[in-house]
Protein chains: 4
Amino acid sequence: MSELNDNDYGRLIVQGADRPGIVATVSGVLTDQGANIVSLDQSSSDPSGGRFFQRTVFHLPGLSARMDALNAALEAKLTGELELDFRLVEAKKRKRVAIFVSKMDHCLLDLLWRQRRGELPMIVPMVVSNHADLGDEVRQFDVPFFHVPVEKDNKAVAEKEQLNLLKGNADLLVLARYMQIISGEFLDEVGMPVINIHHSFLPAFMGAGPYQRAKERGVKLIGATAHYVTEDLDEGPIIEQDVIRVSHRDTARELQRKGADVERLVLARAVAWHCEDRVIRDGNTTVVF
Amino acid sequence: MSELNDNDYGRLIVQGADRPGIVATVSGVLTDQGANIVSLDQSSSDPSGGRFFQRTVFHLPGLSARMDALNAALEAKLTGELELDFRLVEAKKRKRVAIFVSKMDHCLLDLLWRQRRGELPMIVPMVVSNHADLGDEVRQFDVPFFHVPVEKDNKAVAEKEQLNLLKGNADLLVLARYMQIISGEFLDEVGMPVINIHHSFLPAFMGAGPYQRAKERGVKLIGATAHYVTEDLDEGPIIEQDVIRVSHRDTARELQRKGADVERLVLARAVAWHCEDRVIRDGNTTVVF
Amino acid sequence: MSELNDNDYGRLIVQGADRPGIVATVSGVLTDQGANIVSLDQSSSDPSGGRFFQRTVFHLPGLSARMDALNAALEAKLTGELELDFRLVEAKKRKRVAIFVSKMDHCLLDLLWRQRRGELPMIVPMVVSNHADLGDEVRQFDVPFFHVPVEKDNKAVAEKEQLNLLKGNADLLVLARYMQIISGEFLDEVGMPVINIHHSFLPAFMGAGPYQRAKERGVKLIGATAHYVTEDLDEGPIIEQDVIRVSHRDTARELQRKGADVERLVLARAVAWHCEDRVIRDGNTTVVF
Amino acid sequence: MSELNDNDYGRLIVQGADRPGIVATVSGVLTDQGANIVSLDQSSSDPSGGRFFQRTVFHLPGLSARMDALNAALEAKLTGELELDFRLVEAKKRKRVAIFVSKMDHCLLDLLWRQRRGELPMIVPMVVSNHADLGDEVRQFDVPFFHVPVEKDNKAVAEKEQLNLLKGNADLLVLARYMQIISGEFLDEVGMPVINIHHSFLPAFMGAGPYQRAKERGVKLIGATAHYVTEDLDEGPIIEQDVIRVSHRDTARELQRKGADVERLVLARAVAWHCEDRVIRDGNTTVVF
């Protein structure tokens, strides 16, 4: 994160069909432009016919002024010759992360605290909730809070209002225990990645009352999964997971409480990695460098 | 396990409907008989109308000779007055644990090796497999190995043969990666608890090729669950679970390999706890003291 | 913690030299007084000549009014006949937990936030700091904040002021990253247990700059330890420990940040267990039920 | 490890003083020689004036026949122009790993099993012990076993004999709970890396009887550390660490038993990573890709 204190760090994410010579080409372009590669992670899903992924952090004096030239050089070589997708970002530009929340505050507060402590390289332009409860809390962090009630019969209108708030103001949307289902239309229009956190169990308990059912089954581990949201609810590409140990002494309520501890840790990690451009989506899976 | 080196340690497991005074009654009987309580774990699922569970380890000089008297005293007080179930065991009597296995050896070898090292308070009277592959390996541990082939059209006969081998010779059956489905008839007749180990994922992947599907979904944790076998396959009361961290760098085969490490640890813990009478079944859950 | 919502739950902690019959005696007294034992944990350090520890949670209608009688009955049997120490508490009486802090807020905020969420059965009567920085933050939780500067030449005076603040107002003192050494005189006079949290490494790095030195040694795990404070700094009985995985990619500063995540979790667990009377000190070790 | 089933995979490890253009140069050489880079990990300890580390896995048809040309091309560019150290290996060439052991078998057997199962890309040319106890066990794996007694007054002679056995026959020496101190002279002459495993605690307990002392201090975690051996005993660069949870219920002997479970897992991981050329030493730390 020292990358944040120096204006001249950049990150380059490259992905596409694998073929020989990509690493050499990419690093050749960067070197030709005067950049020093600070760290490079690369992997291929399969050496023959697989997918190629690369994350490169580099240092280039006067980076801002040279972004256009660098973009053009990369486009010529990567998009043109090699048919690869790439993304070039200045590390100093923190991502703007909007947060949706309902009434449970554990994930929200953890993100706001970490942001204030300098642990998360992000700006929080707004928190939006379908309940008014957490407004005071959020505003103590000097973050705008918008209350957009969502009822059965106004859902489309509410989503429209949410989209208007987000439009142009955020780079990432985080659902920090937002207890409403996001519609496919919303996802089509939001124009930014959406990260969700939800509890996870071994085995899975579908449907209502999962903690009670986990209790009835006597599970020994409670988990949480952070993932990108797709139209299949709770089924998008996984970014991070973790678990905590529980026992027969824990009531269903205590399971939920311990689950909350895992949820906030897992979500914070997922958001940090996303903001540092460490997560590359590949179909329904992710590469996390 | 120092309990094993002294003939005079006993364990008493009590369970049933909770009501006031059970602990006092149980400890009163033990004290009256001259026993010293070494450790006692007790819990209730709910203080009013719940289920009561207690595991007590005690020391009583000349235990073997006094088992009948102790059993009678407990029966009078617990079964008669309080309508509780109880089980009294001499700690020195190691449980006889038969193992079923197919071709994968990791769980089997871990159990045999821990038994030899003195880590598992059990005797292994036999290993039964539907394949001949692991015979030599097993016999190096001076454990009898029986090859009982299981084919589609001889399953009932094979299970009959397995039951004949087990009858009177074992107190517990462990399925250490035994890749055949056990029939309801077998479970009805086997007359001893059966413990199984299987992989677990968040989320769950039902059906074939779970590691490949976990790979495709990009899971970050691979787990294993040890449970008592009931007629609902992979659905019995859970004894122990654990996970290991994986990443996009792991192939499906490496996921399986890491899963094997968790499986053998989790199964070894579950078998040890069962053999030490630490696991009390309660419907579809367990209390592990 | 449902114990907190019912006035009639009590906890009884018993410890002393082990001898036959203690459990029977204790549970006999409780049963005679009309109490129902809800959970009971007991262990002995050694069946012959060891130390005895027991934590019992019970339900007794009209507990408050019957505390004196119960105390007297226990004193007669336990202190008199068996020479045991015991402690009887009403579960509804939350412990008053004063917090000392310096500038780092992660442990402090985690405790205040969990208290507000109802996760920690405690009241926070005050936060005391040798710096003014965290005052606003603390007061947002409606908790009094006192700034007591500590300089080299006023340490005795400052400690006197701290003791005056604490006197009669707290049952436990938590050092939540309080970066001053507590004197032996302070400990002699404070009259309540003191819990501290500090980083832990394998191997240990004594002295200044431990994270930098851990980085130089390439450690793969960063840990934290919560312990009762004794005159030997960082050497008191351990209550809880945990670790987090790190790698060569982490800078010394990132090690510190990850360490902070472990510290707050470990401290929160230790404080919760203390407030629930789960921790029994035994010389330089603890029994945690 | 699919790298092992194809003759044409190679690994290139590069390290040295960081400077702009190294990645481009390295990948340029590989691409010029017709290699396809399959995975590449790179990091720098500091972008200005730091140390550079890179591990590259590549696929090059007909690798064996082209090793000399590739070595020459790399030498010209890397050693000559950039003053970097590099190491080029054919992935199919399994490392020869000699094992020293005393009487405890848990680490030894875990390595032999994993090797037999195909989990560890290594050959075990010999096991050497200062005791005869484990000879039969080792030979069942078709591995030669040599008994070299070490007494106080014959240590130099014994080490000479050990060196003769190793000379030319091994690429790595693993001390799998070998309870003798290795002399500086032995390390000077052995001519291969040496990996050791030892228990670790938070806090550290130096000297004799660490498990008993950990018990007396009431530690809640027991750990293990695998490291390269240097003349400072137990102080070399750390490769891997892990911990397991323990409680007041565990006796010192049970702590040791649980410690053994961690030791064998940690050592197996360290040996696997070394054999896959994932570990790069950098002074007293390691980079593990």
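Per chain, residues are indexed from 1 in the order of the written sequence. Going through the entries in the order they are written, you letter the chains from A and number the ligands from 1. For a predicted model such as this one, the threshold for reporting local features is a pLDDT of at least 70, and the threshold for listing and counting side-chain atom pairs is 80 or more; totals across whole chains, interfaces and linings nevertheless cover every residue. Hydrogens and waters are ignored; side-chain quantities use all the structure's heavy atoms.

For chain A, an unreviewed UniProt entry supplies the name Formyltetrahydrofolate deformylase and the organism Amycolatopsis taiwanensis. UniProt positions are given in the numbering used here, feature names are shortened, and annotations may be inferred rather than shown by experiment. Turning to chain A, the UniProt annotation filed under Function (unreviewed entry) states: "Catalyzes the hydrolysis of 10-formyltetrahydrofolate (formyl-FH4) to formate and tetrahydrofolate (FH4)." Its UniProt record, at the heading Sequence similarities (unreviewed entry), says of chain A: "Belongs to the PurU family."

Next up on the list: the side chain of A:His106. Note on placement: A:His106 falls in helix H3 (residues 106-117). One polar contact links A:His106 to A:Glu263, side chain to side chain, over a distance of 2.7 Å. Residue contacts are defined here by distance: any two heavy atoms, one from each residue, within 4.5 Å place the two residues in contact. Among all residues touching A:His106, those that are not within four sequence positions of it are A:Arg177, A:Ala260, A:Glu263, A:Arg264, C:Trp113 and C:Arg117. Strands here are runs of E lasting at least two residues and helices are runs of H or I lasting at least four, both read from the DSSP assignment and numbered beginning at the N terminus. For the purposes of these results, a polar contact is taken to be a pair of N or O atoms within 3.5 Å, where, inside protein, one atom must be able to donate a hydrogen and its partner to accept one; residues adjacent in sequence count only when each atom of the pair is a side-chain atom.

Moving on to the relation of the copies chain B and chain A. Relative to chain A, chain B is turned by 180° and slid 0.0 Å along the rotation axis, the superposed coordinates differing by an RMSD of 0.0 Å. Look at the turn and shift together and you get a two-fold axis relating the two. Of the residues that chain B buries at the interface, 100% are likewise interface residues in chain A, meaning the two copies contact each other through the same surface. Residues reaching a pLDDT of at least 70 in both copies supply the C-alpha atoms on which the copies are superposed by least squares.

On to the relation of the copies chain D and chain C. Its rotation angle being 180°, the transformation that places chain D on chain C also includes 0.0 Å of axial translation and leaves an RMSD of 0.0 Å. Counting the interface residues of chain D, we find that 100% of their copies in chain C are interface residues as well, pointing to one common contact surface.

What follows concerns the domain arrangement of chain A. Residues and elements named next belong to chain A. Residue ranges for the domains trace back to a domain assignment, done automatically or taken from a database. Domain boundaries assigned for chain A yield domain 1 (2-90) and domain 2 (95-288). Of note, the centres of domain 1 and domain 2, computed from C-alpha atoms alone, are 31 Å apart. In this complex, domain 1 contributes 11 residues to the contact, which on the side of domain 2 involves 10 residues. Contact between domain 1 and domain 2 buries roughly 880 Å² in total, counting both sides, with carbon and sulfur atoms accounting for 52%. Accessible area, probed at 1.4 Å, shrinks when two parts are joined; the buried area is that loss added up over both. In terms of surface lost to domain 2, no three residues of domain 1 exceed Arg11, Phe53 and Arg55, which account for 48% of the buried area on that side. Salt bridges are identified by distance alone: a Lys or Arg side-chain nitrogen within 4 Å of an Asp or Glu carboxyl oxygen. Where domain 1 meets domain 2, there are 3 salt bridges. Arg87 is the partner of Asp277 in a salt bridge, and the nearest nitrogen-oxygen pair spans 3.1 Å.

A word on the interface of chain B and chain A. Contacts between the two partners involve 35 residues from chain B, matched on the other side by 35 residues from chain A. At the boundary of chain B with chain A, total buried surface from both sides reaches about 2600 Å², with 48% on carbon and sulfur atoms. Viewed at the interface, chain A and chain B are joined by 6 salt bridges. As a salt-bridge pair, A:Asp41 and B:Arg249 come within 3.8 Å of each other at their nearest N and O atoms. Taken together, chain B and chain A are joined by 16 residue pairs in polar contact (both at pLDDT 80 or more). For the side of chain B that touches chain A, the element with the most residues is strand E12 (residues 238-245) of chain B, which contributes 7 residues. Basically, the charged four are Asp, Glu, Lys and Arg, the nonpolar ten are Ala, Val, Leu, Ile, Met, Phe, Trp, Tyr, Cys and Pro, and anything else, Gly included, counts as polar. In terms of residue class, the side of chain B that touches chain A is built from 12 nonpolar, 11 polar and 12 charged.

It is worth spelling out the sheet that holds strand E2 (residues 36-44) of chain C at this point. By the convention used here, strands pair only if DSSP detects at least 2 bridges between them. Strand order in this open sheet of 8 strands is E4(B)-E1(B)-E3(B)-E2(B)-E2(C)-E3(C)-E1(C)-E4(C), and the pairing throughout is antiparallel. What marks the edges here is a single partner per strand, and that holds for strand E4 (85-90) of chain B together with strand E4 (85-90) of chain C. Going across the sheet, the axis of each strand differs from the next one's by a mean of 15°, ignoring polarity. Sheet topology note: the strand E2 (residues 36-44) of chain B/strand E3 (residues 51-59) of chain B ladder contains 8 bridges and is antiparallel. Pairing of B:Asp41 across the sheet is with B:Arg55, part of E3(B). Note on geometry: axes are C-alpha line fits, over the in-contact stretch for helices, and angles between N-to-C directions span 0 to 180 degrees. Helix H1 (residues 22-32) of chain B rests against strand E1 (9-17), E2 and E3 of chain B together with E2 of chain C of the sheet, and its axis sits at about 20° to E3(B).

With that out of the way, let us pick up the pattern of salt bridges. As a working rule, side chains carrying opposite charge can pair if their charged atoms are close by. Taken as a whole, this structure holds 105 salt bridges over all chains when the rule is applied. The shortest N-O distance in the salt bridge between A:Arg114 and A:Asp110 comes to 2.8 Å. You can see A:Arg114 and its partner A:Asp110 sitting in helix H3, 4 residues apart, about one turn around the helix. Comparing A:Arg114 with A:Asp110 shows no difference in burial state: the two are buried. The salt bridge involving B:Glu119 is made with B:Arg114; its shortest N-O contact spans 2.8 Å. B:Arg114 matches B:Glu119 in its accessibility class, with the two residues each being buried. Each residue's exposure class comes from its accessible area (1.4 Å probe, protein chains only) as a fraction of the maximum for that residue type: buried when under 20%, exposed when over 50%, partly exposed otherwise.

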